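# Structural overview for review
Each chain, letter by letter, is given below.
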Amino acid sequence: MNWHSTSFLLLTVNVYICSTNAFVPLVDGGKNMPALYNGWMNDQIAKQASTAVGKAIASGVKQIEVNFPPVPNVEEAKFGTPLNQIFGTKVVAREIGFTGGYKPGSDVSRQLIAYSNMYWAKKIAPAIGGGIMGGSKVTVLTAEAVNLKLIQNSGVGRTASLSPRASQEFQNEAVIVVNPGGEEQWERIRAVHASDDIPFVILNNAYSTTYDLGNKRGYEEAYFLKRISKGWVFRAFPGPWQAYLEKPDGNVELLASYKIKPSLKEVATAVREESFKRYAMGNDRWMSGRL
């Protein structure tokens, strides 16, 4: 790559960063699905998730699931797309105070999803612990491969790897558990770390035993964003579940709202059929480069 092409690439990236870091005017991030992919970069998702979790807890809900793609292009996280690299460099590494910053070959670049989840835990912790002006401590337990010693600014009370030792040390505090695995384990973890009157949040669990939307354990899906074929499903407590069509130009359109959580099959079928009706085979994000 010559000097001119390198300079152009850097200019393009800088322009993109400036635009995506623009101020989000709504305090709560708005009620509709976050923007693709500015929502990851400009605090929109952080605001929406924090607001939704805070409202759920205020209404008396204590067992909560929060689930959304932790990086803009989660399917390509291993390969490091430009968007993911920008997110890792300008948002994640900077916000959590990762030692040495985001560099090729660094732990944060190789385990971007895991460290991104620590960033998201930091962003929603104030809503779980009682607000930005103070409140109870929040413990973050992660089952993912992160080196906690490299995180200089976790933004929470305590952090630890999910283990039997952590179970003994961190009790009776509001808890965020990152990607703990199958739902059958959630209650066992909660029985050790929390009680019925303490907020217990499952964050970005990557493993589903239901192959459906959300969980089957009665946890409130306070904030939920999932890609489906040709679109997305979105929900922010206490709002409805929403089905969005992703159009060929990368914008999204609300197709349907549901007062009660629909099945994955129901929503995916409706969005896929509408996409085919409008665009036939011409709405393919892979072929169009919409990653």
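Residues numbered from 1 in each chain as written. Predicted model: local features only at pLDDT ≥ 70, side-chain atom pairs only at ≥ 80, totals over all residues. Heavy atoms only, no water.

Along the chain, the position of Asn-251 falls in the loop between β8 (241-246) and β9 (252-258). When the C-alpha positions of Asn-251 and Leu-36 are compared, they lie 7.4 Å apart, and in sequence the two are 215 residues distant. Not counting chain neighbours up to four residues away, the residues in contact with Asn-251 comprise Leu-245 and Glu-246. (Helix = DSSP H or I, 4+ residues; strand = E, 2+ residues; numbered from the N terminus. Contact = heavy atoms within 4.5 Å.)

It is worth spelling out the pattern of salt bridges at this point. If you walk through the whole model with that rule in mind, you get 14 salt bridges. Residue Glu-246 is joined to Arg-227 by a salt bridge in which the shortest nitrogen-to-oxygen separation is 2.8 Å. Placement of Glu-246 in strand β8 and of Arg-227 in strand β6 (residues 220-228) is noted, with a sequence separation of 19 residues between them. With relative accessibility at 3%, the residue Glu-246 sits in the buried group. Between Glu-274 and Lys-277 there is a salt bridge whose closest N-O contact spans 3.6 Å. Within this pair, Glu-274 and its partner Lys-277 are both found in helix α9 (residues 264-279), separated by three residues, close to a single helical turn. Look at Glu-274 and you get buried, because its relative accessible area is 18%. The exposure class of Lys-277 is exposed, given its relative accessible area of 64%. Through salt bridges with shared partners, a single network forms among Lys-247, Glu-253, Glu-274, Lys-277 and Arg-278. (Salt bridge = Lys/Arg side-chain N within 4 Å of Asp/Glu carboxyl O. Buried < 20%, exposed > 50% of the residue type's maximum accessible area, 1.4 Å probe, protein only.)

Core analysis: the largest hydrophobic core is formed by 55 residues, its most contacted members being Ile-64, Phe-87, Trp-120, Ile-128, Ile-176, Leu-203 and Tyr-223. Dropping the residues within four chain positions of it, Leu-203 is found in contact with Val-66, Phe-68, Asn-117, Trp-120, Ala-121, Ile-124, Ile-176, Val-177, Val-178 and Asn-179. Ranked by size, the runner-up nonpolar core spans 11 residues in total, among them Trp-186, Ile-189, Ala-194 and Ile-198. (Core = buried A, V, L, I, M, F, W, Y, C linked by side-chain atoms within 4.5 Å.)

Taken N-terminus to C-terminus, the directions of helix α4 (residues 82-95) and helix α6 (residues 112-129) make an angle of 50°; their axes are 10 Å apart at the nearest point. Classified by the angle their axes make, α4 and α6 are oblique. Remark: the crossing between α4 and α6 carries left-handed chirality. Here Asn-84, Phe-87, Gly-88, Val-91, Val-92 and Glu-95 of α4 come into contact with α6, specifically with Leu-112, Tyr-115, Ser-116, Tyr-119, Trp-120, Lys-122 and Lys-123. Residue composition of the contact of α4 with α6, by class: seven nonpolar, three polar and three charged. (Axes fitted to C-alpha atoms, helices over the stretch in contact; angles between N-to-C directions. Parallel < 35°, antiparallel > 145°, perpendicular 65-115°, else oblique. Left-handed = near helix turned anticlockwise from the far one by under 90°. Nonpolar A, V, L, I, M, F, W, Y, C, P; charged D, E, K, R; others polar.)

This next bit is on helix α3 (residues 44-58). Helical periodicity: at 3.6 residues per turn, an α-helix aligns residues three or four positions apart in one direction. With 15 residues, α3 should reach 21 Å at 1.5 Å per residue; the first-to-last C-alpha distance of 21 Å fits that figure. Buried residues of α3: Gln-44, Ile-45, Ala-46, Gln-48, Ala-49, Ser-50, Ala-52, Val-53, Ala-56 and Ile-57, and no others. At its buried positions, α3 is contacted by α2 (38-41), β1 (63-67), α6, β6 and β7 (231-236). Trailing α3 by a residue or two, Gly-60 shows a phi angle of about 105°, which is positive. (Expected span 1.5 Å × (residues − 1).)

Geometry only, nothing functional implied.
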